[in-house]
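# Observations on the model geometry
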Amino acid sequence: MKQSRRNFLKFAGLSAAGLCLAPTAAALASGGGGAGKAHAVVNAKTLHAKRWAMVVDTRKLNTEEAIETLAEVCHHIHNVPTIPGKQEVKWLWEGTYAETFPEQENNFPSEDLEKRRFPLLCNHCENPSCVRVCPTKATFKRADGIVAMDYHRCIGCRYCMAACPYGSRSFNFMDPRPFMDMDKINKKFPTRMRGVVEKCNFCVERLAIGEMPACVEKSSGAITFGDLQDPDSSVRKVLRENFTIRRKPAVGTEPGVYYII
Amino acid sequence: MIEKALKGGPKYWSWIFFLLLIIGAGFTVYINQLQEGLTITGLSRDVSWGFYIAQFTYLVGLAASGVMIVLPYYFHHYKKFKGMVIMGEFMAIAAVVMCLGFIIVDIGQPQRMLNIIFHPTPNSILFWDMIVLNGYLLLNVVIGWTCLESERQRVKPPKWVKSLAYTSIVWAFSIHTVTAFLYSGLPGRHYWLTAILAARFLASAFCAGPAILLLVVFITRKVTGYDPGKSAIGTLAKIITYAMLVNVFFFLLEIFTAFYSNIPGHMHSIAYLFVGSHGHHELVPWMWTATALAFISLAMLVPPKFRDNQKMLPWALVMLVIATWIDKGLALLIGGLTPNPFNEITTYWPTGKELMISMMVYALGALVLTILYKIATDIKRDLGELTESD
Ligand code: SF4
Ligand code: SF4
Ligand code: SF4
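Across its full length, chain A holds 9 helices and 10 strands. Residues counted as buried form 52% of the 261 residues belonging to chain A. Partitioning the intrachain contacts of chain A with sequence separation of at least 6 by distance along the chain shows that 67% fall at a separation of at least 24. For chain A, the accessible area works out to roughly 12,300 Å², and carbon and sulfur atoms hold 57% of it.

So, in structure tokens, the structure goes:
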């Protein structure tokens, strides 16, 4: 019963995808050049994993400008508004070592570390406190470990913001649309309305069509993305070969984002 | 019985219209909030809960405090509280109405509010808070109304009311415990992450709530002549004193744990509140005012000769209410969310619009309380019970 709406949505999505693909297949079968549909939700190229995870190599990616470029891409494809001031919305941003790892500060850090900037985003935690507190299941964890959101169900209680120990969530205090260049918005991704919470979604919409997350693609190899449960995956390989840390280990959320220092 | 609320002198009606005026003014601002969103508040990405939720937290305490009268009356057969029981129950109704009001004005998408019921989520404390608050409201409405009605009919209240009353006693503890769990179960929020938070909430509820109730009773006595009796007032004042002592003691326990352990996360919020940090001192004067008022009120409450002085008592109570309000209706929320997860400080201060909307909810509570008390005192007058014999 409880899951029925989401199941229905999934079902509707799949049937819609089927409807989109069916004419293409028919067109192909008949020999005509069928154009691919931009809105296919699921297709054969969909990337699967038991547990998606990310490793950021901060030796290669550590300047404000470099991280800004990634944030621009992320914010552009997800229609994240640019709101000035403390009611801002952000999915990917940057911070100093002290901000990123607040309780692991060192009194005499190396000069290099002091200068470095770290990309910050939702950690898609293994034990996400945001999911634990959400009273409507608007925030939920998918089978592949991605912590996703249903913006249409969120009531805007902001309990998840109080619960996330990483400050990864943003609330739409106001209507976000006036803060976007409506001529340049990404029509394949919805815009949000005021009164709901949002955050990085590990680019689920891109994984669904066989593409890597935008920030990973744009990072020229500094970010690795893959299946944590698969010993042969790219992320496991980097984790094996490097020393990595995660943010706030003491809070027990088990982040899915690792940092090579 | 409701017809009693429709008959009253010019003083009664001007008070009612005054409240309606505030509600109306606040409501226009609320319409503005519905159009613009919560951007009209002083809230931010870092301090995502503020004045509304803080008032909600404070008022849950007021709702729970009725138990300090109901418990001695039903469990210990302390008959002197007979006249006060109904006041406590009606106060609880008004308080829960305000709690629900503050939740509604705080929600970003109020039209979807029922999603909490359509998609029940037992792992969310907010779900349980909704259950216990609404349950408590229902219990108090049923008990209060039935008792008053049977009093008016000059019959004994039906037996089931007693079992409901016992349930409501346990329930009162649950509403404040569950509300504390909203906060104390969150990782990374050191100021809230303390096992004693629920106990602190109850202690502050059991001093502040009865203090507000007593002040309201004093006003009621002035306006309607209804007197619950000197010994009832004396006993309640004693309860308030003990609860306040426990409340202050619990807070000192927090200070010891944070500063003796020397763990930065635990000290940071408290330091921000009392001495300021990173050059931000917004709450420092408030905290010291609260501290001073808490101690002065205790100095006036602890010695029996001051406490029993009915001229001094109201002043002590007012100070106590202000002190606990600063602690719980302001500092608890801001201190919990400051510093933010990046150890930085984002300041928060409620905006004028936020305060106007809050006034609307408070006025709504006052309206509910006035109407209920009007009915109760009129019935007592009809019964010739305006003054309890001591
Ligand atoms: S980082 Fe925060 S928002 Fe993201 S999954 Fe973890 S707890 Fe949730
Ligand atoms: S704001 Fe939305 S996503 Fe966050 S806890 Fe409330 S309903 Fe869930
Ligand atoms: S994974 Fe996707 S949504 Fe998340 S920060 Fe990177 S680009 Fe943005």
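Now that the structure has been shown, the text picks up again.
A word on the overall build of chain B. Scanning chain B for helices and strands turns up 14 helices and 0 strands. Listed by position from the N terminus, the elements making up chain B come as α-α-α-α-α-α-α-α-α-α-α-α-α-α. Against the globule reference of 21 Å for 390 residues, chain B gives a C-alpha radius of gyration of 21 Å, in line with a compact fold. Within chain B, residue pairs in contact and separated by at least 24 positions form 79% of the contacts whose partners lie at least 6 positions apart. Carbon and sulfur atoms make up 73% of the accessible area of chain B, which totals about 15,800 Å². Charge separation in chain B, taken as the distance between the mean sites of 27 positive and 20 negative side-chain charges, equals 9 Å.

Turning our eyes to something else, we now look at the sheet that holds strand S1 (residues 52-57) of chain A. All names here are of chain A. With respect to topology, 4 strands assemble into an open sheet ordered S8-S1-S10-S9, the strand pairing being mixed. The outermost strands of the open sheet, each flanked by one partner alone, are strand S8 (223-227) and strand S9 (244-245). When S1 meets S8, the two strands line up antiparallel, connected through 5 bridges. Each bridged residue has a counterpart across the sheet, and for Ala53 the counterpart in S8 is Gly226.

Moving on: the interface of chain B and chain A. Each partner contributes residues to the interface: chain B has 44 residues there, and chain A has 50 residues. Buried surface at the junction of chain B and chain A, summed over both partners, amounts to about 3,800 Å²; 51% is from carbon and sulfur atoms. Area buried by chain B at its contact with chain A is led by Arg45, Arg112 and Phe342 of chain B, which between them contribute 21% of it. At the boundary of chain B with chain A, the tally comes to 1 salt bridge. Residue Asp106 of chain B is joined to Arg158 of chain A by a salt bridge in which the shortest nitrogen-to-oxygen separation is 2.6 Å. In this structure, the connection of chain B to chain A is made through 33 residue pairs in polar contact (both at pLDDT 80 or more). Listing elements by their share of the side of chain B that touches chain A, those giving two or more residues are helix H1 (10-36), helix H5 (115-118), helix H6 (125-152) and helix H7 (159-184) of chain B.

Quick look at the site of ligand 1 now. The full set close to ligand 1 counts 14 residues, and Cys122, Asn123, Cys125, Cys130 and Cys164 of chain A are the nearest of them. For the shell around ligand 1, the per-class residue count stands at 8 nonpolar, 4 polar and 2 charged.

Turning our eyes to something else, we now look at the layout of surface pockets. All names here are of chain B. By volume, the second largest pocket is sized at about 1,200 Å³. Elements that contribute at least two residues to the lining of the second largest pocket include exactly H1, helix H2 (51-65), helix H4 (82-106), helix H8 (197-224), helix H13 (313-337) and helix H14 (352-382). Element by element, the count of residues in the lining of the second largest pocket is highest for H14, at 12 residues. Of the residues belonging to the lining of the second largest pocket, the class tally is 25 nonpolar, 7 polar and 4 charged.

For the rest of this paragraph, the subject is the environment of Thr324 of chain B. Residue and element names in this part refer to chain B. Mapped onto the elements of the fold, Thr324 is located in helix H13. Of the residues examined, Thr324 reaches a relative accessible area of 4% and is grouped as buried. Separated by 76 residues in sequence, Thr324 and Val248 place their C-alpha atoms 9.7 Å apart.

A word on the environment of Leu330 of chain B. Residues and elements named next belong to chain B. Considering the arrangement of structural elements, one finds Leu330 in helix H13. Residue Leu330 is classed as buried on the basis of its relative accessible area of 4%. The spatial distance from the C-alpha of Leu330 to the C-alpha of Glu89 is 26 Å, given a sequence separation of 241 residues. In contact with Leu330, not counting residues within four places along its chain, are Phe51, Ala54, Leu283, Trp286, Trp325 and Trp349.

Here the focus is the packing of helix H11 (residues 284-301) of chain B against H13 of chain B. Residue and element names in this part refer to chain B. Put simply, H11 and H13 touch, their axes get as near as 8 Å, and they point 145° apart. Where H11 crosses over H13, the two elements pack in a sense that is left-handed. In contact with Trp286, Met287, Thr289, Ala290, Leu293, Ala294, Ile296, Ser297, Met300 and Leu301 of H11, H13 contributes Leu313, Trp315, Ala316, Met319, Leu320, Ile322, Ala323, Trp325, Ile326, Leu330 and Ala331. Looking at the contact of H11 with H13 residue by residue, the class counts come to 19 nonpolar, 2 polar and no charged.

Tallied over the entire structure, the rule returns 25 salt bridges over all chains. Between Asp378 of chain B and Arg381 of chain B there is a salt bridge, with its nearest N and O atoms 3.4 Å apart. In this pair, Asp378 of chain B and Arg381 of chain B both sit in helix H14, 3 residues apart, roughly one turn of the helix. We classify Asp378 of chain B as buried; its relative accessible area is 13%. By sharing partners, the salt bridges in this structure join Arg51, Glu126 and Lys141 of chain A into a single network.

The next point concerns the confidence of the model for chain A. Residue and element names in this part refer to chain A. Summing up the model confidence of chain A, the mean pLDDT is 87 and the portion of residues at 70 or higher is 84%. Counting interchain partners and residues more than four positions distant, the pLDDT-below-50 stretch residues 1-5 has 7 contacts. Every residue in residues 7-40 is under pLDDT 50, and counting partners more than four places away or in other chains gives 17 contacts.

Here the focus is the side chain of His176 of chain B. Residues and elements named next belong to chain B. Looking at the secondary structure, you find His176 in helix H7. His176 sits in the buried class, given a relative accessible area of 0%. Among the polar contacts listed, one links the side chain of His176 to the backbone oxygen of Phe201, at a separation of 3.4 Å. Those residues within four positions of His176 in sequence are excluded, and the remaining contacts are Thr57, Val60, Gly61, Ala64, Phe201, Leu202, Ala205 and Lys328.

Time to look at the packing of aromatic side chains. According to the stated counting rule, one finds 33 aromatic pairs over all chains in the structure shown. Ring centres of Tyr12 of chain B and Trp13 of chain B lie 5.3 Å apart, and the angle between their planes is 65°; this geometry places the pair in the edge-to-face category. Assessed through its relative accessible area of 28%, Trp13 of chain B is described here as partly exposed. Judged by centre distance (5.5 Å) and plane angle (70°), the ring pair of Phe102 of chain B and Tyr362 of chain B falls under edge-to-face. In this pair, Phe102 of chain B sits in helix H4 while Tyr362 of chain B sits in helix H14, placing the two residues 260 residues apart along the sequence. Each member of the aromatic cluster is reached from another via a ring pair, and the members are Tyr159 of chain A together with Trp49, Tyr183, Trp192 and Phe201 of chain B. For the cation-ring pair, Arg158 of chain A lies above Phe171 of chain A, with the distance from its terminal atom to the ring centre recorded as 5.1 Å. Over the ring of Phe201 of chain B we find Lys328 of chain B, and its NZ or CZ is 5.2 Å from the ring centre.

What counts as what
- Residues numbered from 1 in each chain as written.
- Chains lettered and ligands numbered in written order.
- Predicted model: local features only at pLDDT ≥ 70, side-chain atom pairs only at ≥ 80, totals over all residues.
- Heavy atoms only, no water.
- Helix = DSSP H or I, 4+ residues; strand = E, 2+ residues; numbered from the N terminus.
- Buried < 20%, exposed > 50% of the residue type's maximum accessible area, 1.4 Å probe, protein only.
- Contact = heavy atoms within 4.5 Å.
- Areas by Shrake-Rupley, 256 points an atom, 1.4 Å probe, with all protein chains shown as cover.
- Rg over C-alpha atoms; globule rule 2.2 N^0.38 Å.
- Lys, Arg positive; Asp, Glu negative; His and termini not counted.
- Charge placed at Lys NZ, Arg CZ, Asp CG, Glu CD.
- Pairing = 2+ DSSP bridges.
- Buried area = accessible area lost by both parts, 1.4 Å probe.
- Salt bridge = Lys/Arg side-chain N within 4 Å of Asp/Glu carboxyl O.
- Polar contact = N/O pair within 3.5 Å; in protein donor to acceptor, adjacent residues only side chain to side chain.
- Near = heavy atom within 4 Å.
- Nonpolar A, V, L, I, M, F, W, Y, C, P; charged D, E, K, R; others polar.
- 1 Å grid on protein atoms, 1.4 Å probe; cavity = no way out; pocket = protein on both sides within 12 Å on 5 of 7 lines; lining within 4 Å.
- Points joined across faces, edges and corners; volume = space filled by probe spheres on them.
- Axes fitted to C-alpha atoms, helices over the stretch in contact; angles between N-to-C directions.
- Left-handed = near helix turned anticlockwise from the far one by under 90°.
- pLDDT = per-residue confidence, 0-100.
- Phe/Tyr/Trp six-rings, centres within 6.5 Å; stacked < 30°, edge-to-face > 60°.
- Lys NZ or Arg CZ within 6 Å of the ring centre and 35° of its normal.

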